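# Summary of structural features
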Amino acid sequence: MAGHSKFKNIMHRKGAQDKKRSSMFSKLSREITVAAKMGMPDVDMNPRLRLAVNAAKAQSMPKDNIQRAIDKAIGGDTDNYEEIRYEGYGPGGVAIIVEALTDNRNRTATNVRTAFSKNGGNLGASGAVSHGFDRVGLITYPASAGDAETIFEAALESGAEDVSSNDDEHEIWTAMDALHEVSKALEAKLGEAEGAKLAWRPQTTTEVDEANAATLLKLVDTLEDDDDVQTVWGNYEVSDAVMEKLG
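Conventions adopted
Residues numbered from 1 in each chain as written. Predicted model: local features only at pLDDT ≥ 70, side-chain atom pairs only at ≥ 80, totals over all residues. Heavy atoms only, no water. Pairing = 2+ DSSP bridges. Helix = DSSP H or I, 4+ residues; strand = E, 2+ residues; numbered from the N terminus. Contact = heavy atoms within 4.5 Å. Axes fitted to C-alpha atoms, helices over the stretch in contact; angles between N-to-C directions. Patch = residues over 30% accessible without salt bridge, like charges linked within 9 Å, V, L, I, M, F, W, Y side chains within 5 Å. Areas by Shrake-Rupley, 256 points an atom, 1.4 Å probe, with all protein chains shown as cover. Salt bridge = Lys/Arg side-chain N within 4 Å of Asp/Glu carboxyl O. Lys, Arg positive; Asp, Glu negative; His and termini not counted. Charge placed at Lys NZ, Arg CZ, Asp CG, Glu CD. Parallel < 35°, antiparallel > 145°, perpendicular 65-115°, else oblique. Left-handed = near helix turned anticlockwise from the far one by under 90°. Expected span 1.5 Å × (residues − 1). Buried < 20%, exposed > 50% of the residue type's maximum accessible area, 1.4 Å probe, protein only. Phe/Tyr/Trp six-rings, centres within 6.5 Å; stacked < 30°, edge-to-face > 60°. Lys NZ or Arg CZ within 6 Å of the ring centre and 35° of its normal.

This part is about the sheet that holds strand S9 (residues 229-234). Taking strand neighbours across the sheet as the criterion, the four strands line up as S3-S1-S2-S9 in an open arrangement whose pairing is antiparallel. Unpaired on one side and paired on the other, strand S3 (122-123) and S9 mark the two borders of the sheet. By the bridge criterion, five bridges tie strand S2 (residues 95-102) to S9 in an arrangement that is antiparallel. Paired with Ile96 across the two strands is Gly234, which belongs to S9. Strands in contact with helix H8 (residues 210-225) are S2 and S9; relative to S9, the strand with the most contacts, it is inclined by about 155 degrees.

Set out below in structure tokens:
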């Protein structure tokens, strides 16, 4: 399983999805509020807000919750969230990028640093690993949206740069500044996407062996469980054989 897709289809995580639902809604709400505050509170005029709202809808977040998050920005009743990126190395020397939205930089930095140190990694300086990634757009559709050929043709016609399909989902990659445009074109062809956001795509990947995989997965879980952390990206590959051994 590649590190850029947030372990969506790793079996051991599926059982924990309901427990994490509240935390997920909180993170989605925070992104909606920040997006609405930074631009216009209108999804048609604010590409970042539109992507945030679409991501919330894809996770079945209630409309009332979405509207409350937007209203919070309009009313000025919101904390001053800061976007911060952390970079470091996980078990086996894999590169990891952590994106956070926080109202307390010191708290978040401490939590992220502790997660790395307790799970076989170490936090690096800004720019330590991001040079090995490309900043791109990522649009995801469930496998049920169509077969690989259908998705590829739709993506090509919509201006996407690359497509990766597996048994669970289709990942459509775009240029960073083309994400909104391609997303709208695909929506007309395939319906609403499961997710659309800016991503860090590794230029090369590192295969993680069984000895390091369990600790790596624990590190990513710990980071993603933090309320301030929005997304975790990495350049690792965990094979199906290793995942089966881990159970």
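Another point: unusual backbone geometry. Glycine aside, the phi torsion of most residues is negative, and most peptide linkages are trans. Of note in this structure, Ser60 is not a glycine but carries a positive phi near 60 degrees. On the secondary structure map, Ser60 appears in the loop between helix H3 (47-58) and helix H4 (63-74).

On to a negative patch on the surface. Where like charges cluster on the molecular surface, the negative patch consists of Asp147, Glu149, Glu153 and Glu157. With respect to the secondary-structure elements, Glu157 resides in helix H6 (residues 148-158).

A few words now on the packing of helix H5 (residues 105-118) against H8. Running from amino to carboxyl end, H5 crosses H8 at an angle of 165 degrees, the nearest separation of the two axes being 9 Å. The angle between H5 and H8 falls in the class roughly antiparallel. Seen from above, H5 lies across H8 with right-handed handedness. In this structure, H5 contributes Val112, Ala115 and Phe116 to the contact, and H8 contributes Leu219, Thr222 and Leu223.

So, about the sheet that holds strand S4 (residues 133-142). Strands pair in a sheet through their backbones, by hydrogen bonds, and they do so in one of two ways: parallel or antiparallel. Pairing is antiparallel across the open sheet formed by four strands, whose spatial order is S5-S6-S4-S7. Looking at the sheet topology across the chains shown, the edges are occupied by strand S5 (162-165) and strand S7 (195-202). For this sheet, the mean angle separating the axes of adjacent strands, direction not counted, is 30 degrees. Pairing analysis gives eight bridges linking S4 to S7, with the strands arranged antiparallel. Bridging from a neighbouring strand, Val136 pairs with Ala199 of S7. In this fold helix H7 (residues 179-190) packs onto S4, strand S6 (169-175) and S7, with an angle of close to 15 degrees to the strand it touches most, S4.

All right, on to H8 then. Between its terminal C-alpha atoms H8 stretches 23 Å, which fits the 22 Å expected from 16 residues at 1.5 Å a residue. For H8, the set of buried residues is Ala213, Leu216, Leu217, Leu219, Val220, Asp221, Leu223 and Glu224.

What follows concerns the packing of aromatic side chains. Summed over the entire model, instances satisfying the criterion amount to zero aromatic pairs. Arg201 extends its terminal NZ or CZ atom over the ring of Trp173, reaching a point 4.3 Å from the ring centre.

Moving on, we get to the pairing of strand S1 (residues 82-89). Both faces of the sheet carry side chains from a regular strand, because those side chains alternate between them. Of the strand pairs in this sheet, S1 and S2 are connected by eight bridges, and their pairing is antiparallel. Residue pairing across strands places Glu83 opposite Leu101, the latter belonging to S2. With two bridges joining them, S1 and S3 adopt antiparallel strand pairing. Opposite Tyr89, over in S3, you have Asn122 as the bridge partner.

Of all eight residues making up S2, eight are buried, and the element is well covered by its neighbours. Of the two faces of S2, the one lined by Ala95, Ile97, Glu99 and Leu101 and the one lined by Ile96, Val98, Ala100 and Thr102 are each fully buried. Where S1 hands over to S2, the hairpin turn is made up of five residues, of which Gly92 adopts a positive phi near 80 degrees.

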